[in-house]
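Coordinates in review
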Amino acid sequence: DSGVTQTPKHLITATGQRVTLRCSPRSGDLSVYWYQQSLDQGLQFLIQYYNGEERAKGNILERFSAQQFPDLHSELNLSSLELGDSALYFCASSVGTGIAKNIQYFGAGTRLSVL
Amino acid sequence: AQKVTQAQTEISVVEKEDVTLDCVYETRDTTYYLFWYKQPPSGELVFLIRRNSFDEQNEISGRYSWNFQKSTSSFNFTITASQVVDSAVYFCALSEALGQGGSEKLVFGKGTKLTVNP
């Protein structure tokens, strides 16, 4: 068990809908990362938060947004869902920033199916 | 730009065979970290190892060993005496040191699916 908790484990929804994925980092970790794993794109970095502030953006669509709350949990919001958004979404956390502290531990993922 | 290449898409071996998973990376940075993660059929990503760019010593952990060679930009992973429980997809990843305000995002290879048959 990595200590990173993601809910829900599975999500089935329809095109055009909006969903929220939740992540609780390991105790003491300040950085949260979101990744998307799809068959065609592989594992892609979406966004990073550090202690409530956005740190970096990757290949994240404008229909997607995220935030990190004062208690350090994070939510990834996906809106106007399309069939191509079906994927496994991972959250990872690390102690802080600075590469020496960056071992990212991953949650079990949320499998999103858009029908 | 950072890039990680895992040329082997799938490997199938018989239990007790040794198997090496290849990883080649590209980066312009002199300070970086390399990682291996395991994704078993259950789907989670499990951290295996991290090496920094200044430490080229090979590392052994039980049946696992890693060979880091900067001269060839490779970070290969060997499983000795493979077991059925080693069946998984293995990902190699790279993280650069971007300094203050930067992101330590991981850039992943496409993964190698290892099947160990009894």
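This text gives an overview of the structure that appears in the document. What you see is a predicted model, and the numbers here were worked out from it, not measured in a lab.

A closer look at the overall build of chain A
Of the regular secondary structure elements, chain A holds zero helices and eleven strands. Counting helices and strands in the order they occur from the N terminus, chain A gives β-β-β-β-β-β-β-β-β-β-β. Relative to the globule expectation of 13 Å for 115 residues, the C-alpha radius of gyration of chain A, 13 Å, shows essentially globular dimensions. Taken along its principal axes, the extent of the C-alpha atoms in chain A is 40 × 30 × 25 Å. Just so you have it, chain A exposes about 5,400 Å², and 48% of that area is on carbon and sulfur atoms. In chain A, 9 positive and 10 negative side-chain charges are present, and the distance between their average locations comes to 4 Å.

Thoughts on the pattern of salt bridges
One pass over the structure, following the stated rule, counts seven salt bridges over all chains. Across the pair Asp29 of chain A and Arg26 of chain A runs a salt bridge whose closest N-O atoms are separated by 2.8 Å. Here Arg26 of chain A falls in the partly exposed class, since its relative accessible area comes to 22%. The partner of Arg51 of chain B in a salt bridge is Glu59 of chain B, and the shortest N-O contact between them spans 2.5 Å. Residue class for Arg51 of chain B comes out buried when judged on its relative accessible area of 7%. Residues participating in the shared-partner salt-bridge network are Arg63, Glu82 and Asp85 of chain A.

What to know about the packing of aromatic side chains
The way to describe two aromatic rings as a pair is by their centre distance and the angle between their planes. Counted according to the given criterion, the structure contains 21 aromatic pairs over all chains. Where Phe106 of chain A meets Tyr37 of chain B, the ring centres are 5.2 Å apart and the plane angle is 80°; that geometry is what we call edge-to-face. Of this pair, Phe106 of chain A sits in strand E10 (residues 105–106) while Tyr37 of chain B is found in strand E5 (residues 32–39), placing the two residues in two different chains. Comparing Phe106 of chain A with Tyr37 of chain B, the two get one shared label, buried. The interplanar angle of 90° and the centroid separation of 5.1 Å between the aromatic rings of Tyr64 of chain B and Phe77 of chain B together place this pair among those described as edge-to-face. Placement of the pair is Tyr64 of chain B in strand E8 (residues 64–69) and Phe77 of chain B in strand E9 (residues 74–79), with a sequence separation of 13 residues. An aromatic cluster is present here, built from Tyr35, Phe45, Phe90, Tyr105 and Phe106 of chain A together with Phe35, Tyr37, Phe47, Phe91 and Phe108 of chain B joined pairwise through their rings.

Each value, and the rule that gives it
- Residues numbered from 1 in each chain as written.
- Chains lettered and ligands numbered in written order.
- Predicted model: local features only at pLDDT ≥ 70, side-chain atom pairs only at ≥ 80, totals over all residues.
- Heavy atoms only, no water.
- Helix = DSSP H or I, 4+ residues; strand = E, 2+ residues; numbered from the N terminus.
- Rg over C-alpha atoms; globule rule 2.2 N^0.38 Å.
- Areas by Shrake-Rupley, 256 points an atom, 1.4 Å probe, with all protein chains shown as cover.
- Lys, Arg positive; Asp, Glu negative; His and termini not counted.
- Charge placed at Lys NZ, Arg CZ, Asp CG, Glu CD.
- Salt bridge = Lys/Arg side-chain N within 4 Å of Asp/Glu carboxyl O.
- Buried < 20%, exposed > 50% of the residue type's maximum accessible area, 1.4 Å probe, protein only.
- Phe/Tyr/Trp six-rings, centres within 6.5 Å; stacked < 30°, edge-to-face > 60°.

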